[in-house]
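Observations on the model geometry
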Amino acid sequence: MLKEEIKSYLESRLNKYFPAVRWPVLLIVIPALLIGIYTLLNILSEVVIEKRRSNVADYENRFASIQKDLPANAYVNYVTDQEYAPDFILVRYALVPARIVYGLTSKQEYLVVQYLDTAKIPNFEGYTLKKNYENGVMLFQRSR
Amino acid sequence: MDLLVFILPFLVGSAIIVALFPEYSLSRACLILTCCLGMGIGLGITSSTAFLWLVVFAHPGGNYLIAELCLSIFLVLFAIYRFRYAKNTIKIELASSHDSNIVKIEWLKIIFLILMIAFVASFILKAYFERPHGAHDAWAIWNYRARWLFRGGSQWTYAFSYLNAADSPDYPLLVTGSVFRMWSMLGTDHVAIPITVAGLLAVGSILIIFSSLAILRGENQGYLAAIFMFITTQFLNVSTYQYGDAPLAFFILGTIVLFSLKDHYPNLSFRLLFLAGLTASCAAWTKNEGVLFLVLIILIRFIGKMRRNNWFGILKQFLYFSLGMSFVLGTLIYFKIGFAIANDLVNKTNLKKLSDYLFDIDRYLEVLLGMTKKIFTFNDHIISLLIVYFLISGVDRYSFVKKGIASHVLLMLLMLGGYFFSYFISPHNIEWHMGSSLRRLIVQLWPTWVFLFFYCVKGPEKNASIPSNSARSF
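Quick notes on the rules
- Counting from 1, residues in each chain are numbered in the order their sequence is written.
- The lettering of chains begins at A and the numbering of ligands begins at 1, in the order of writing.
- Reporting in this predicted model follows two pLDDT cut-offs: at least 70 for local features of residues, and 80 or more for side-chain atom pairs to be given and counted; totals over whole chains, interfaces and linings ignore these cut-offs and use all residues.
- To qualify as a helix, a DSSP run of H or I must reach at least 4 residues; to qualify as a strand, a run of E must reach at least 2; elements of each kind are numbered from the N terminus.
- Contacts here follow a simple rule: the backbone-placed C-beta atoms of the two residues must lie within 7 Å.
- For this measure, only C-alpha atoms enter the radius of gyration; the expected value for a globule follows 2.2 Å times N^0.38, where N is the number of residues.
- Whether a residue is buried, exposed or partly exposed follows from its count of other C-beta atoms within 10 Å of its own C-beta, namely 20 or more, 12 or fewer, or something in between, respectively; the C-beta atoms are built from the backbone.
- When DSSP finds two or more bridges between two strands, those strands count as paired.
- Fitting a line to C-alpha atoms yields each axis, with helices limited to the stretch in contact; the angle taken between N-to-C directions then spans 0 to 180 degrees.
- Our angle categories are set so that under 35 degrees counts as roughly parallel, over 145 as roughly antiparallel, 65 to 115 as roughly perpendicular, and the remainder as oblique.
- What makes a crossing left-handed is the near helix being turned counterclockwise from the far one by less than a right angle; a clockwise turn instead makes it right-handed.
- Just so you know, the domain bounds were taken from an automatic or database domain assignment.
- Only Asp, Glu, Lys and Arg are considered charged, only Ala, Val, Leu, Ile, Met, Phe, Trp, Tyr, Cys and Pro nonpolar, and every remaining residue, Gly among them, polar.
- When buried Ala, Val, Leu, Ile, Met, Phe, Trp, Tyr and Cys residues are joined through C-beta atoms within 7 Å, the set is termed a nonpolar core.
- A right-handed crossover is one whose linking path, passing over the helix from the first strand to the second, runs clockwise when the strands point away from the viewer.

Our next topic: the overall build of chain B. Within chain B one finds 19 helices and zero strands. Each principal axis of the C-alpha distribution contributes one length, and for chain B these read about 65 × 60 × 50 Å. Sequence separation of at least 24 residues holds for 83% of the intrachain contacts in chain B that already meet a minimum separation of 6.

Along the backbone of chain A there are four helices and five strands. The secondary structure elements of chain A, listed N-terminal to C-terminal, are α-α-α-β-α-β-β-β-β. On C-alpha atoms alone, chain A measures out to a radius of gyration of 29 Å, which is more than a quarter above the 15 Å that the 2.2 N^0.38 rule sets for 144 residues. Across its three principal axes, chain A shows a C-alpha extent of roughly 95 × 30 × 25 Å. Per-residue burial for chain A yields a buried fraction of 26% across its 144 residues. By sequence separation, contacts in chain A at least 24 residues apart represent 59% of the contacts at least 6 residues apart.

Residue and element names in this part refer to chain A. The strand order across the open sheet formed by five strands is S2-S1-S3-S5-S4, and the pairing between neighbours is mixed. The sheet is open, and its two borders are formed by strand S2 (99-102) and strand S4 (127-132), each paired with just one other strand. Taking each pair of neighbouring strands and ignoring which way they run, the sheet shows an average axis angle of 35°. Where helix H3 (residues 56-69) meets the sheet, its contacts fall on strand S3 (110-114), S4 and strand S5 (137-142), and the angle it forms with S5 comes to roughly 20°.

This next bit is on the packing of helix H10 (residues 245-264) of chain B against helix H12 (residues 288-301) of chain B. All names here are of chain B. The interhelical angle for the contact between H10 and H12, taken along N-to-C directions, is 15°, at an axis separation of 10 Å. Between H10 and H12, the angle falls in the class roughly parallel. For the pair H10 and H12, the sense of crossing is right-handed. Touching Leu 248, Phe 251, Ile 252, Thr 255 and Phe 259 of H10 are Glu 289, Gly 290, Phe 293, Ile 297 and Arg 301, all from H12.

Backbone torsion omega between A:Val96 and A:Pro97 reads 15°, so that peptide bond is classified as cis. In this fold, A:Pro97 is placed in the loop between helix H4 (84-94) and S2. Residue B:Asp380 is not a glycine yet carries a positive backbone phi of 55°. If you trace the backbone, B:Asp380 turns up in helix H16 (residues 361-393). On the neighbour-count criterion, B:Asp380 (13 C-beta atoms within 10 Å) is partly exposed.

All right, on to the domain arrangement of chain A then. In many analyses, interface size is given as the accessible surface area lost on bringing the parts together. What the domain assignment lists for chain A is domain 1 (2-49) and domain 2 (56-142). When each unit is reduced to the centre of its C-alpha atoms, the spacing between domain 1 of chain A and domain 2 of chain A is 55 Å.

To continue, consider the interface of chain A and chain B. Each partner contributes to the interface: chain A provides 34 residues, whereas chain B provides 42 residues. Per-element accounting of the side of chain A that touches chain B gives the leading share, 16 residues, to helix H2 (residues 25-49) of chain A. Across the side of chain A that touches chain B, the residue classes tally to 25 nonpolar, four polar and five charged.

Glancing now at the environment of A:Asn135. Position of A:Asn135 among the secondary structure elements: in the loop between S4 and S5. As for A:Asn135 and A:Phe63, which are separated by 72 residues in sequence, their C-alpha atoms are 9.1 Å apart.

Within the largest apolar cluster, 175 residues are counted, with the highest numbers of intra-cluster contacts made by B:Ile209, B:Ala225, B:Ile227 and B:Phe451. If you tally residues by element for this core, the top one is helix H7 (residues 192-217) of chain B, at 16 residues. Those residues in contact with B:Ile227, other than ones at most four positions away along the chain, are A:Ile28, A:Val29, A:Ala32, B:Ile111, B:Phe112 and B:Leu115.

On to the pairing of S3(A), then. Residues and elements named next belong to chain A. Most of S3 is tucked away, with five of its five residues classed as buried. Alternating positions in S3 separate into two faces, Tyr 110, Val 112 and Gln 114 on one and Leu 111 and Val 113 on the other, with burial throughout. Pairing geometry for strand S1 (residues 75-80) and S3, over four bridges, is parallel. Bridge pairing in S3 links Asn 77 to Leu 111. In this sheet, S5 lies alongside S3 in antiparallel orientation, the contact comprising five bridges. Within S5, the position partnered with Val 113 by the bridge is Met 138.

Moving on: the pairing of S2(A). All names here are of chain A. One ladder, built from four bridges, connects S1 with S2; its direction is parallel. Across the sheet, residue Tyr 75 finds its bridge partner in S2, namely Arg 99. Handedness of the crossover joining S1 and S2 through H4 is recorded here as right-handed.

What follows deals with H4(A). Within H4(A), burial applies to A:Ile89, A:Leu90, A:Val91, A:Arg92, A:Tyr93 and A:Ala94. Buried positions along H4(A) lie against H3, S1, S2 and S3 of chain A together with helix H5 (136-151) of chain B.

With that settled, consider the packing of H7(B) against H10(B). Residues and elements named next belong to chain B. Two elements in contact, H7 and H10, have axes whose closest approach is 9 Å; the angle formed by their N-to-C orientations is 20°. Our classification of the angle between H7 and H10 gives roughly parallel. Regarding H7 and H10, the two cross each other, and that crossing is left-handed. In this structure, H7 contributes Ala 198, Leu 201, Ala 202, Gly 204, Ser 205, Ile 208, Ile 209, Ser 212 and Leu 216 to the contact, and H10 contributes Ala 246, Pro 247, Ala 249, Phe 250, Leu 253, Gly 254, Val 257, Ser 260 and His 264. Across the contact of H7 with H10, the residue classes tally to 12 nonpolar, six polar and no charged.

What follows is about the environment of B:Arg301. Residues and elements named next belong to chain B. Within the fold, Arg 301 resides in helix H12. Judged by the 24 C-beta atoms lying within 10 Å of it, Arg 301 falls in the buried class. Each residue touching Arg 301, except ones within four places of it in the same chain, is listed here: Phe 259 and Ser 407.

This is the structure we're talking about:
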């Protein structure tokens, strides 16, 4: 009896506000409105207040100067004090069209070094420092 | 100039659709469908032409722009000719207007518009400000290869070299080629280009769901399905990654929608099949999973039907479908033979392992349970919402809804079977492999599942009665 009354009351309320719509539609519309607006506000807070940014742009900026000093399409060694992934992929992406070879196993004419956590300028046998970009990035060239 | 690089593919694709359907393509919901499919097809065709231009001549610069402009003008003039003259000469079966018993629910339209604005704003904020270069695979594969094509000069083939291979170096080129084409025409590799390509195809998918269901089931159902897509926040996320998954979802959806339209409008069958051939080949040109989709659609929609129907009629249908897919598929075959290296998942080494895995019940269970769990927990258990809605709402029992739906569902299930197989033979740790990719694979099929779901379930209207001919009207 009570169940019937509740059901008819709810139906009458829904009919009043949504006369042309079957009530299951609200199962979709209400969550969509809540989630859609919450998602927008959440992203707005992440981007505007927390200023959340991907680090790819940092790599792009850091390697912009050295890119001009590298010959196009040349194989270039790369040494870093950062973890291999995703650092290597980001450097590879930032330095196109240089062909980046990780490590010093096959020595090329140029060596790009990124030392972000090490203050001291490193030494590499057979290479001399050509340019220090003062942002952790250095360019070495093979000694003659 | 910035706009022109987007306008030209739009004109190419849309002009093809208008030329094919001069009597329908510019009216009401069909106009939205024409614009969305036109943009996608245009990107597919122009990415192919740009790649072929690069191979045959040089980087697509000024001369390429002139050639593409000429192609666009020719197609637009042809479409105008078809629209103005062919409209009156072709005998078309005009059906009655939409069922007058179905009342338009205005507030659904308002909510749809509010959520569409919120979706676009969320996409812009996330894509332009938080991750302008996309996510990991964008700078490891998709945009990385586009950069090589653009910056690599005469050495552009290094983009597909063994020495350069990281992940999936054999991926087709619709996304990469579109970005490369636009960068080359503009002369700069600005991040706005891949973001806009991703955004257009993501919004396009939602609008295709709306417009196709508006044509097939009425505007209310179209709005409801599109509103449901806004709950799928994973679709928004994956779109901002700038990967090939959301564009592939666009083309899979487009193809299924065109086949559904074909089932309902038999008098337009051959023209729709030509267009479906174009979208299916664009799916294959987007990602390797699209090749699986193309093979399955040929198996199910043509070869599978030969036994029951007149084989000559099916062959004729397949001819139109093949004509549609010939250009883009031809480019894909040329790319795969001439440039792409072996796939990292489906290759001789992994297939040889199949005999070892064949009787490994644990491996079957691991993949099956892993996939089931991922599918049911996708986007915070969104499937449970669909199940509840289905149980309460029920299925629409009109014959036109049932027609062809089984083959679409079978196709989608076989796609999932294909994904199962790729995990089954995966050389990687299965748990890691699924964790890193299955969510994106679900996104590839998600808009199509949503379309099929709302195509089948009852409409949002109270006491809705849909006479058999109402869905046949535009």
